[in-house]
Each structure stands twice: as C-alpha cells, then as structure tokens.
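Below, each chain spelled out in residue letters.
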Amino acid sequence: MKKDFVLKEYSFTTARWFIVFFMGMRLLSNASVQPIKLTCEYLENPLGIDSKNPRLGWNMVSNQRNQSQSAYEILVADNLKDIQKQIGNIWSTGKITSTQSQQIEFAGVPLKSFTRYYWTVKIYDKDNFPSAYSTLSNFETAMLNKTDWIASWIGDDRKQFTRDEDFYQVDPMPIFRKKINITKDVSSARLYISGLGYYEAKMNNTKIGNNVLDPGFTAYKKQILYTTYDVNPLLKKGINTLGVMLGNGWYNPLPLRLFSRFNLRNFQETGRPCLKAQVLIQYTDGTKETIFSDESWQTTKGPVIKNNVYLGEQYDARLEKNFDEDQNWQNASLVTAPSGEMILQMQPPIRTTKILKSKTIKEVGKDTFIVDFGQNFAGVAKIKVAGIAGTSIRIRYGEDTFSTGRLNYLTTVAGHIKEMWNLKGGPGSPKTAWQQDEYILKGNGVETWSPRFTFHGFRYAEITGWPGKPSLNDIEGLRMNTDLMKTGDFSCSNESFNKLHEVIQWTFMSNIFSVQSDCPGREKMGYGGDMVATADAFSYNYDMSHFYSKTVRDFANDQQPDGGITEIAPYTGIADRGYGGESGPLGWQLAYPFIQKKLYEFYGNKRIIEEQYPNVLKQIDFLQAKAINGLFHWDISDHEALDPKPEAFTAACFYYHHLLLAIEFSDILEKKEDKKRFEDLAKKVKTNIIRKYQIPNTGRFDLATQSAQVFALYYHLNEDSDQAKQVLMNEFERHQWHISTGIFATKMMFDVLRSADENEVAYRLTNQKDYPGWLYMLDHDATTLWESWKKPDQASLNHPMFGSVDEWFYRSILGINAADPGFKKIMIKPQVAGDLTWAKGSYQSIYGLISMDWKKSNGSSSYKISIPANTIAEIWLPSNENSTVIEDQDPNLTKIKYEKGYSVYNVGSGSYNFRVTP
C-alpha cells in the first residue's frame, strides 16, 4: 500500500511538473503570440502629440494559425526606471478581457505637456496564455494646453501692400535669428515652430529636419499647424544660432484672379509672413530653459526676393546671409496673431521623396534649352552652375512640348490666366501666368540651388540665361509630396495594368501637398469631388489616416454658417453650381462625410465621426432646407463624362448618399432618434428619385447613359437589377466596350461590376487600348493621368480623378476587402478575369499585412493568402461547384458554402495555400 501510494504520488507530482514545465516553456517562448509595432495615434514612437487621450494600438505575430487576442494589459510610465520594472505609474490597465488591439484610448493619470511617456503591452492568446511584455515604445507630448505657448508671433516692420499691383514687385522675404547660449550638458532639446506661409529653419546653419513647404495649408482663421523637431543633435556648448527663413505660401498669396474671377485673398485670412517658435531645453541637472519668439529676436531681408505657390520663386544669391554674421540685423516686431488655433501637424510632412535625373537636354533656340526628365511629376528643379555674379538663370516649367520642340507651358498656367484666351489675372499680374523660377548667381565657384517656397507640375524645364551650355549632370528634378507611408502593392500578368498602376502612383504623389489636389500646376486645390472618386484608391496604396483626418477638418473649418460645405477645402472662392452662399455642388460637398466613412472603414476611426457629428447634422439640415420638392436638381454631375450628363438625377442621388451616411453615422454613435429621422427622410428621397427618374418596366433611368445606369445600380434604385444591369451592358456594347463615364460613375462602375460578379466586363473595359481609356493615355506617352479621356491641348496632364481604377486592382483582382471596420474582419474574393494568369499584392492594414498571390494554369489555380493575427477572414475562391479545393496544411478545412462560382471558407489568421482543380 505504501509503495502504491508513493508511486501514485510520484506520478501526480511528475505530471504536475510536466504541466508546469510546458507552461513555463510556453511563457519563455512568448506563448503563441507576441505584440509588435506599437503605435500611438497611428504612429510608432511619435515625437509630438497634442491629444490628451491618445489612441494606442499594436499588431501581433504568431507562428500558429487562428490566433487572436483574448485580453491585454497596458503599462504606461513617465520614466524608464518604472517601466523597466513593469510598473505603470501613469496607467496600468490590469488584465482587460478584449479582442481590441487598435483604437484603445488612454485613460490613465492626465498627461502633461512636454513629457515623454514609455509604454508596453502584454497580450493573451485565444487560449488565455500571456505573451511576454512587448519591446518598449514611447510617445512624447507637445502643447496640450493653449497656455503652453509663451512665444509670440513676430515679423519684420514692413507693412502689407495696399494696391494689388504692388504685390508683384520685388519683396525680399524676412529671415530671423536667435542666439542660444548653452553652458550645461543637454539631455533633450525640442523646437516647436510654425512660420506662415512657409518656413525653413536652421540650427548653426544646418537645416533642421527634412520637411519642406511647412506648415501644411489650412484655413488660418481656424487652425494653424506647428511641428516638433528634436534639435539636440545640432546643439553645441557655447553660442548656437537658430535661424528661420520665411516664404509667402498660402498665407500671403498674390491677388491673382484665377480664371479671371477668384482672388484667394478674399476668402482666407492672410497677412505678411510671420513666425512663432519655442525651444525647450532640458539639462542633465534637471533644470529647463525655454527660448521663445519675441522682440529680442533679430530680422533682416533674405535672398528670396519673390515667391508664390503658382508663379514660382526668384532668388538672389548675392543677398544670402550667414545667420552668424552680425551686420544689418534689427529687432523683430510683434505682429497681429493669425486667428487660428495652434494644433500639432499630425499628417506626414512634405518632403523631397525622389530625385530624377535629366534624360535629355536639347537646344531649341538661342540661349534656350529644354530638359526632359522623362516623367511628369510635382516638385522643383535643382541646378548646379558656375558663372559671373549677377547672371540670371530662368527655369520655366511645362508638362509637354510643342511639335517645334519648344516648351508647352499652357497646361499648367495658373487659373488659365492666358493672354491668348484674354483671361486676365488682375492689376500687376503677368499676361500669362506660367510657372517660372529664377536664380541670380553670387559668382562664387560652383553654386547649387533649388527653390524653397514653391512647387510646380512638370516633365520639361526650359532653361535660359545659363552660362555656356548645361549638361545632364547640372540639372535634377526633385519630386516633392506629402511623405505618405506606402501600404499597398500590386502587380499582375498584364504589363499594361502594371504600367497603369505605376502611372497612377506618380499621379497621386503629384497631388498630395498637405491637401489632395486636382493638379499640381493650374489650381493645386482640394476639390471634394476628386476625393470622393479616389479616396479608396489612395487608401489602399498609402496610409491616409492622418492626412484624411486633416482633410475632414479642412472642410469643417470652412463649413458655412448655414451648414453648407464648400466645393474646395481650404476654401479659395470657387463655388460652381452650389446652393447659395459659398456652398459647393452636392457631389463635392459629399467629400466631407464620405472621407469620414473611409477613415472608419480603413482604420476603425470612430473618433472622427463623433467629433464631426454636430457639423454633419448641420449640413443635413442645410441640404433638407435647400431641397426643392424633396430633391436637388442641379450639380456639376458626372464630371468629364463623354455622354450627356444626367445632372438633376445625379444631384438627387448625391443628396440620397448624404442621408445614407447620416444613417450610418447615427447608428455607429447609437443616436436612435437621429437614425430614425434620417431613415424616414432617405426613404422619401429614394421614392421621389425613383418616381421621377425611373422609366417603368424598362430598367432605364433618366438618360439611360452609362453614368445614369451606374448611379441607379450603385444606389440600388432599380426595381429589377438584372434589367437595369442589362441596359448598362447595352450601353457598354454601344460604345464598343469602352467607358463613357465621368469621375464619379467610373469609381461606382467598378463597385457595381464587382458586386454583380461581372469582373470580365470590368477587365474588358479597362484593357481597351484605343480611345477612350486608360491604356489609350499610356499609348500616347502619358506618365500621369490626364484631366479628361482625350489628351487636352491646354488642360492638365496630371489629374488623379480617374485613378479609381487602382481601387479595382485591390478590391477585385486581388480581392482584398474590409468586412468590418479597420479590416478586423476581411473578405478575400479575387475575381479572376480576362487573360490574367497571375496577380499578387498586399495591403498593410492597421492589424497587419493582408496578402494575396494567385496563379492559374491548365484549368487549375492556386491562392496564397496571408491573414494577420487577431483578425478573421471569409475567403471566396473562384471554382466550379464540383471543383476540388485543397488547403496544403489543412486538407479537411470545411467549406461553408458554394455560391455563384465561389467556394467559401471561414478562416482565422495565418498563411494559407489553396489549390483548386476542376
């Protein structure tokens, strides 16, 4: 008995030991999941945030399938000592049972300004086993309170011009400096700065950071952006000099009448260039020092003697100043502060993101050379030259050349101010408002220069005044754009599609300069309609989380007192076919709520909807008040459509779309009464649209063009969708399977065809190589998308409006779609079409990388799919009903259904390799 007891006890102890051992080994190996890529406000280790309750998030990695988070623990500390001991003296959540790993709002001890916080997270896998704590992450606060700013706005003592013509004269931009004496060891040093309209800052004559054209364009009467820089590496013991050069930017625009009508100075708060800056130095002994802009700063005239975002920059190198020189400086002046609230610039800054080498240089006339960069893009030219002091080199920009080889500058002329059209820009303006920069040499060996405070759209540069003859090595193109993080990747067996995808990327990058613009030359403005057409395509390719948040606030900043939303934001006066006051047409007003939905769909951003909801209600009230007999009857409509535009019908549909978004937002925010009101109103509007525009028993709507039929199908207005779809197919056939749609119906068309599993039609329309179509553009030397289907003589050759086809590459060919906000649940439904034999690509969601790589050969096909941890997916595989579908690692994976040519599977996270055979 005793022996048996001992054996039993030994067996129990041994079993318990093995359990403990394996549990310990699992803990040592960080269980089956581990948190990575910790973010605060979507950013990894942000240097500055100004949110008092920032949102935290993380990704997860696992070597196992079907892994999800069951709980998490977050620790936040304001010092390394505590966090390294796993003490969260600022926030310790304890174990929170939740699958949420994004959009977690900080709820600890109130954050303090100018403080670095360290944080880490431990997560529990689906079986409740904990990971190790993550690698430490951090975030640093900037100005959390208005009172944190002790700096003043400063300028020079020059007064603003009063006559329009005087704005065009030489007007040297001010530069400023402040000497800082460092006598102790520095632990950290931060510069908080905004200079209107643009600034460039230096410490000890070294440029601070690599931002250009900072700060981003906003409605300065409402918001002004500032940036945080770490300047510690640039400081030295002894005297340091902080220097700042200012440009006009959008804050001090010329009184140029774009299209002979719109003077930007009449619609936004403007003023002379001014500066606000604050340096916070923390020493190793625990003391702090703050240096801030005031009258003790010094100023003088700089070498930028003219600058404008449209017309260009003139720079006289003979007037350059070393910020350490002590001659000709005077004290700065306090200036009237711009009205807007100072907020941190959270969207990525504009930077030089690519350097283009000159492809050819041709002499086309006396002292006239044409440089071809081989690619249409936005930015400036950079030159390297030696010559006599006072020599003036002029660089004029254009997207094309005439048959003579001379520069065609007409497609980028600001606001179509052209002498040949008799469109005049107002007193003092040039007869033709082309883009031109000018550099005046100082005559001191080889000189290198590029403009600071302007940007252009161009492929070609015309050089005059060059000493001798320029070489290919003397001129480069600097591509500039908001430096967005790439999130998407696509390629396929159709090389024309790959080229089109590349051309769209160049187009998008040319039109993302703190606002998403229509073109980088003629207007440079944030048109709402263009955003509605391309927001999905942008969001698949790039991280738009902060950029589009700014866009939404830009529209809110210029919302009219009666609730109307402007056509453009920031608003610059254009209000074509709006509804009274400064409101824009319905398709352009739609951008305001539509972009909010995209932020929710792609990033799970509920906060932006909460923040903007009162303004959305105000807009809906405005629209309801302006409706005539319950509908709207005019609009710009399906811009650039080739068939007659169904103007009144599309206006009514855009109104209906606003209401659908209002229903969705009120549901997200659980506003039941609002939702009921919007549902009732939307039902009435839909009934009125059908009654007025549907031709009974025909499937036809209004003009029954491609645009009209697409709108009807997109908004589900049809009683018989098959009949309405057949009318659309007849229209495609009537156009020899070419599209005739404009910017809205083109985007909607791909949605309609995807939902109807008509990707063969989408492929056929996209693959057309003759007019009209995307490949026609490529076959006619387009390196960016045109403004219209036909190559324009004098309109833009770099317009993103028709870039919605890139969304189709991701949603249909790759089949990557969000089933839940933020891609928490994913739908993978590749729609194999045409003669494609393979396609591959990915999308970096906030939860991790989603990828697809499919191939087909001899009737069989394979699909390699990756689903990030803590998400689930519904996978639709093209197949016949009797096809054999095998997944390499799990041959017994259960098919949940077969539907309309697809075998459907529910899966968790992990990598999958499906093979489909007849």
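Here, the structure is the one placed above.
Residues numbered from 1 in each chain as written. Predicted model: local features only at pLDDT ≥ 70, side-chain atom pairs only at ≥ 80, totals over all residues. Heavy atoms only, no water.

Novice: Break down the overall build of the protein chain for me, citing the residues and quoting the values.
Specialist: When helices and strands are tallied, the protein chain shows 16 helices and 48 strands. Compactness check: the protein chain gives a C-alpha radius of gyration of 30 Å against a globular reference of 29 Å for 918 residues, within 12% of the reference. With respect to the three principal axes, the spread of C-alpha positions in the protein chain is 105 × 80 × 55 Å. Across the 918 residues of the protein chain, 62% fall into the buried class. Contacts in the protein chain between residues far apart in sequence, at least 24 positions, make up 74% of those at least 6 positions apart. (Helix = DSSP H or I, 4+ residues; strand = E, 2+ residues; numbered from the N terminus. Rg over C-alpha atoms; globule rule 2.2 N^0.38 Å. Buried < 20%, exposed > 50% of the residue type's maximum accessible area, 1.4 Å probe, protein only. Contact = heavy atoms within 4.5 Å.)

Novice: I'd like a description of the nonpolar core, backed by residues and values.
Specialist: Grouped together as the largest cluster of nonpolar side chains are 247 residues, with contacts concentrated most on Trp58, Ile74 and Phe649. Here this core takes 13 residues from helix H9 (residues 647–668), the largest share from any one element. With 26 residues, the next largest nonpolar core counts Ile154, Phe176, Tyr229 and Val279 among its residues. (Core = buried A, V, L, I, M, F, W, Y, C linked by side-chain atoms within 4.5 Å.)

Novice: Tell me about helix H16 (residues 805–814), and name the residues and values.
Specialist: Summarising burial for H16: ten of the ten residues are buried, a large majority. Among the residues of H16, those classed as buried are Val805, Asp806, Glu807, Trp808, Phe809, Tyr810, Arg811, Ser812, Ile813 and Leu814. Two residues or fewer past H16, Gly815 is found with a positive phi of approximately 80°.

Novice: So what's going on with the environment of Gly94? Residues and values would help.
Specialist: Its place among the elements puts Gly94 in the loop between strand S4 (91–92) and strand S5 (96–97). The exposure class of Gly94 is partly exposed, given its relative accessible area of 28%. Taking C-alpha positions, Gly94 is 8.4 Å from Leu75, a pair spaced 19 residues apart along the chain. Those residues in contact with Gly94, other than ones at most four positions away along the chain, are Tyr72 and Glu73.

Novice: Summarise the packing of helix H5 (residues 545–557) against helix H7 (residues 591–603); cite the residues concerned and give the values.
Specialist: Between H5 and H7, the least distance of the axes is 9 Å, while the angle of their chain directions is 155°. The orientation of H5 with respect to H7, classified from their angle, is roughly antiparallel. Seen along the crossing, H5 lies across H7 with a hand that is left-handed. Residues Ser545, Tyr548, Ser549, Val552, Phe555 and Ala556 of H5 form the contact with H7, whose own contacting residues are Ala591, Tyr592, Ile595, Gln596, Leu599 and Tyr603. In terms of residue class, the contact of H5 with H7 is built from nine nonpolar, three polar and no charged. (Axes fitted to C-alpha atoms, helices over the stretch in contact; angles between N-to-C directions. Parallel < 35°, antiparallel > 145°, perpendicular 65-115°, else oblique. Left-handed = near helix turned anticlockwise from the far one by under 90°. Nonpolar A, V, L, I, M, F, W, Y, C, P; charged D, E, K, R; others polar.)

Novice: Mind laying out the sheet that holds strand S2 (residues 55–61), listing which residues take part and the relevant values?
Specialist: Working definition: the strands of a sheet are paired by backbone hydrogen bonds and lie parallel or antiparallel to each other. Strand order in this open sheet of three strands is S1-S2-S6, and the pairing throughout is antiparallel. Sheet topology places strand S1 (34–40) and strand S6 (104–105) at the edges, where each strand pairs with a single neighbour. In this sheet, S6 lies alongside S2 in antiparallel orientation, the contact comprising two bridges. Each residue of the ladder has a partner; that of Leu56, found in S6, is Ile104. (Pairing = 2+ DSSP bridges.)

Novice: So, unusual backbone geometry: which residues are in play, and what are the values?
Specialist: In this structure, the amide linkage connecting Ala569 to the following residue, Pro570, adopts the cis form with an omega of -10°. In this fold, Pro570 is placed in the loop between H5 and helix H6 (586–589). Put simply, Tyr771 and Pro772 share a cis peptide bond, and its omega is -10°. With respect to the element layout, Pro772 can be found in the loop between helix H14 (759–766) and helix H15 (774–779). Phi at Phe259 takes a positive value of approximately 55°, unusual for a residue other than glycine. Along the chain, Phe259 turns up in the loop between strand S16 (257–258) and strand S17 (262–263). Notably, Ser260 is not glycine yet its phi reads approximately 65°, a positive angle. A relative accessible area of 30% means that Ser260 is categorised as partly exposed.

Novice: Break down the pattern of salt bridges for me, citing the residues and quoting the values.
Specialist: Enumeration according to the criterion identifies 53 salt bridges in this entry. Put simply, Arg190 and Glu140 hold a salt bridge, and the shortest N to O gap is 2.6 Å. Here Arg190 is found in strand S11 (residues 186–196), whereas its partner Glu140 is found in strand S8 (residues 137–140), with 50 residues between them in sequence. With respect to class, Arg190 is no different from Glu140; both count as buried. Here Asp554 ties to Lys550 by a salt bridge, and the two come within 2.6 Å at their closest N and O atoms. Of the two residues, Asp554 and Lys550 are both situated in helix H5; the distance of four residues between them amounts to about one turn of the helix. Accessibility assignment for this pair places Asp554 and Lys550 in one class, buried. Within the structure, one salt-bridge network assembled from shared partners comprises Asp536, Lys598, Glu601, Lys747, Asp751, Arg754, Glu807 and Arg811. (Salt bridge = Lys/Arg side-chain N within 4 Å of Asp/Glu carboxyl O.)

Novice: Hey, could you go over the side chain of Asp214 for me, with residue numbers and the actual values?
Specialist: Along the polypeptide, Asp214 turns up in the loop between strand S13 (206–207) and strand S14 (223–230). For the buried Asp214, no salt bridge is present, and the opposite-charge side chain at shortest range is Lys207, 7.8 Å distant. Here the side chain of Asp214 touches Thr227 through a polar contact of 3.3 Å, side chain to side chain. Not counting residues within four places of it along the chain, the set of residues in contact with Asp214 comprises Gly195, Gly197, Tyr198, Tyr199, Thr227, Tyr229, Gln345 and Pro349. (Lys, Arg positive; Asp, Glu negative; His and termini not counted. Polar contact = N/O pair within 3.5 Å; in protein donor to acceptor, adjacent residues only side chain to side chain.)

Novice: Describe the sheet that holds strand S45 (residues 884–887), listing the residues and the values that go with them.
Specialist: One open sheet accounts for six strands, arranged S36-S41-S42-S43-S48-S45; its pairing is antiparallel. Looking along the sheet, the strands with just one partner apiece sit at the ends: strand S36 (488–492) and S45. Pairwise comparison of adjacent strand axes, ignoring direction, gives a mean angle of 10° for this sheet. Bridge analysis of strand S42 (residues 848–857) against strand S43 (residues 860–867) gives seven bridges, and the strand direction is antiparallel. Across the sheet, residue Ser851 finds its bridge partner in S43, namely Ser866.

Novice: Give a description of the pairing of strand S47 (residues 902–907) that names residues and reports values.
Specialist: Along S47, five of the six residues are buried, which leaves the element largely enclosed by surrounding structure. Sheet analysis places strand S44 (residues 872–878) next to S47, joined by six bridges and oriented antiparallel. When the bridges of S47 are listed, Ile875 appears paired with Tyr905. In terms of strand pairing, strand S46 (residues 895–899) meets S47 through four bridges, oriented antiparallel. Bridge pairing in S47 places Glu899 opposite Tyr902. Between the end of S46 and the start of S47, which pair antiparallel, lie two residues, with Lys900 showing a positive phi angle near 50°.

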